[in-house]
Amino acid sequence: MTTQSVDTDLWAGLPTLEEPPGEDDTASDVWDDPIPLTGRRECPAFPAHVFPAWLGEFVSAVAEETQTPVDLAGSIALAVLATAAGGRSVVHVRGNWREPTNLYTVVALPPGNRKSAVFGLLTDPLYEAEKRLKTAMKPVIVEAELTARLAKEAADKAAAKAASADGDKRDEMVATAIGLAQTADTLAVPAEPLLLADDSTPETVTSLIAEQGGRLSVMSDEGGIFDIIAGRYSGKPNMEVFLKGHAGGRLRVNRQTRREYIDAPALTIGLAVQPDILEEIGKIKGAKGRGLLGRFLYSLPVSTVGERKVITDPVPEQTAATYSSNVIDLTLSLAEWTDPAVIQLTPEAGAALIAYQERVEPWLKARGGKLGHITDWAGKLVGATARMAALLHLAEHGGNGYAHPVTEGTMNAAIELGEYYTAHALAVFDVMGGDPVISRARSVLDVLRDNGWEDVSRRDVFTVLSRSEVSTVADLEPALALLEDHGYLRSYQPERTGKRGRPPAPRLLVHPVLRQGGR
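Small disclaimer: the values here were computed from a predicted structure and weren't measured.

Another aspect to go through is the pairing of strand β8 (residues 266–273). Judged by how many residues are buried, β8 sits mostly within the fold: eight of eight residues are covered. Burial along β8 is two-sided: Ala266, Thr268, Gly270 and Ala272 and Leu267, Ile269, Leu271 and Val273, pointing in opposite directions, are all buried. The pairing of strand β3 (residues 104–108) with β8 spans five bridges and is classified as parallel. Counterpart to Val107 in the pairing with β8 is Ala272. The pairing of strand β5 (residues 215–220) with β8 spans six bridges and is classified as parallel. The residue of β8 that forms the bridge with Val218 is Ile269.

Okay, the nonpolar core next. Formed by 114 residues in total, the largest nonpolar core has its most connected members in Leu122, Phe242, Tyr298 and Trp377. Top element by residues in this core is helix α13 (residues 408–432). It accounts for 13 residues. The residues contacting Trp377, other than those within four sequence positions of it, are Leu293, Gly294, Phe296, Leu297, Tyr298, Tyr421, Thr422, Ala425 and Phe429. If you look at the next biggest cluster of nonpolar residues, it comprises 24 residues, including Leu448, Trp453, Phe462 and Val510.

Let us look at the environment of Thr346. Along the chain, Thr346 turns up in the loop between β10 (341–343) and α10 (347–360). Sequence separation of Thr346 and Val93 is 253 residues, and the distance between their C-alpha atoms is 10.0 Å. Apart from the residues within four sequence positions on either side, Thr346 is in contact with Pro405, Val406, Thr407 and Glu408.

This part is about the pairing of β3. Burial of β3 is extensive: five of the five residues sit out of reach of the surface. Here β3 shows two buried faces, one formed by Tyr104, Val106 and Ala108 and the other by Thr105 and Val107. Note that β3 and strand β9 (residues 297–299) share three bridges and pair parallel. Paired with Thr105 across the strands is Leu297, a residue of β9.

Scoring rules and cut-offs
Residues numbered from 1 in each chain as written. Predicted model: local features only at pLDDT ≥ 70, side-chain atom pairs only at ≥ 80, totals over all residues. Heavy atoms only, no water. Buried < 20%, exposed > 50% of the residue type's maximum accessible area, 1.4 Å probe, protein only. Helix = DSSP H or I, 4+ residues; strand = E, 2+ residues; numbered from the N terminus. Pairing = 2+ DSSP bridges. Core = buried A, V, L, I, M, F, W, Y, C linked by side-chain atoms within 4.5 Å. Contact = heavy atoms within 4.5 Å.

Laid out in structure tokens, this is it:
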């Protein structure tokens, strides 16, 4: 059921009882079971068919062998593509609008769903690509280290000679020493290539992105990174690198111990967590207000535990080999790019994205829009769709995908992924309490249950609620309307006790289940 805010004056149009039900009015005492506020939304299965054949076949085969929802392998696969391409490619949407190709994905599944096994199968080629990059870079690093050391030694010797020189030679030797020192200072030793990091501190992630030329991927089958972001170990939230690492905004770190400048950071995050972690990340101080929660593509699939086959078909060798080869080739082909490869859209693909954006825009309305309570997330949906289109394009064409524009078919495939993640985001933000009306309605249920009221005024309910959550009676009305719609409350108009004065304010009857401690 779609929930939306309700105007206070709509109460006048709701059916009311002329008087409260009494002992002689047995029909009015009959209550149906209330409808849960946030029953599980119908979330579609991951559309693996939108992937190029080699990737879709592998994702489906992994899901079959591990008996896990295809959503798990599908979302990790997108993060794998983003790891290979992030920081090395961008998609030109229109005008000055460009989107980087890194993504933040998170899948929530209970324990026992073989998340680690799926993670291993999907990410193994990235570790192999990283190993090859290290092997190729090792001679370059050794040469750079030797050159830098010799230059430093030459500069030190020249400085020592200049310090002890006399007369006319001193100025000349000082100039020589300065020149050698400046040369030595310009000789940087490249860092050992690193594609993937696990649950790292924000400071570590920042340093790694800086030394890796602006890109990094954090992939984990646990949710420890959220504890780190929340400041569980440092004492305060630190999300700067995770905010700018998604958007590509300039990141400047000036501390006494180091200075790091990253013009266009590209961070990819691919996580598989337990569902209760979703509730916890919704509580991270500042995460919603600063936009961290709006940067993730969420997946909340149905667990297959209890319905799994014991004997399953293994991933075919050729399917696994093709997947590994393509991921490695894509990663290595883009690794040497310093200025990112620019991926263009065909006019038809651009038109398809514009049509999708026009369809999404009304959903963002604060009143009546189905995404109006999660505009921070929904406002990034079209950009995320463009990113996914570029990744699907690169998966189809490999590292030279920049030589071909994204087709309308690929854009439509990305839009289907966008619709999938929209449905799942709504379910996840329900879990996080993203809709303020639902959140307030839950608080009202709590106070009704705690106080054991059978018949209560709106004012009495409002009085016991927190002002930080419900600041005015007008803020309370949509929550009461929702609770009445779900069968927890009934509004009625008490009889006028006299002929003069204003009529009494409407009152509320409370479902017996709340007086019995239920919901």
